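This is what each chain is made of:
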Amino acid sequence: SMTGGAGFEAIKAQYDAAGPGKDEFSMFDIGINPAVKVPTGTKLLSWVPEGMLTLGIGGNAWAGGANQCTYGFSGFVPGSTVTIDGKTLVEKGTLKH
């Protein structure tokens, strides 16, 4: 199910109207640009800043994936920690070098 605050109805309507594949996990991205920082106290959300985790559902053909669905939605998870095979790549939103 999907719920949200004011204005969420438009997002939900697009999702409901989308075809097969809309609900499949499509991608994750870790921002690598050390020159872009999210200012403290702001609500800047972008895939660009170093250490920003982005998750997506829906079509991923644009990224070389097999899901041809024309619908796609991505969201940002600032301050995340990402560990793969026991190695921490991102810790609390900071890319580990």
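Our subject in this report is the structure included herewith.

Definitions and cut-offs
- Along each chain, residue indices are assigned from 1 in the same order as the chain's sequence is written.
- Residues qualify for local features only when their pLDDT is at least 70, as the model is predicted, and side-chain atom pairs are given and counted only at 80 or more; totals for whole chains, interfaces and linings, by contrast, use all residues.
- Note: side-chain values were computed over all heavy atoms of the structure, leaving out hydrogens and water.
- Strand pairing requires that DSSP identify at least two bridges connecting the strands.
- Every helix listed is a DSSP run of H or I at least four residues long, and every strand listed is a run of E at least two residues long, numbered separately from the N terminus.
- The axes used here are C-alpha line fits, helices contributing only the stretch in contact, and every angle between their N-to-C directions lies in the interval 0 to 180 degrees.
- Centre distance within 6.5 Å is the pairing criterion for rings of Phe, Tyr and Trp, where only the six-membered ring of Trp is used; planes under 30 degrees apart are then read as stacked, over 60 as edge-to-face, and the remainder as tilted.
- The rule for a charge over a ring is simple: NZ of Lys or CZ of Arg within 6 Å of the ring centre, and within 35 degrees of the ring normal.

Overall, antiparallel pairing links the three strands, which are arranged 1-2-3 in an open sheet. The open sheet is flanked by strand 1 (25–30) and strand 3 (72–77), the only strands paired with a single partner. With strand direction ignored, the average angle separating the axes of adjacent strands in the sheet is 20°. With six bridges joining them, strand 2 (residues 53–58) and strand 3 adopt antiparallel strand pairing. By the bridge assignment for strand 3, G56 is matched with S74.

For the structure on display, the rule yields one aromatic pair. Seen in terms of ring centroids, Y15 and Y71 are 5.7 Å apart; in terms of plane orientation they differ by 75°. Their pairing is edge-to-face. Separated by 56 residues along the polypeptide, Y15 in helix 1 (residues 8–17) and Y71 in the loop between strand 2 and strand 3 bring together distant segments of the chain. When the ring centre of Y15 is taken as origin, the NZ or CZ atom of K22, which lies over that ring, is 4.6 Å away.

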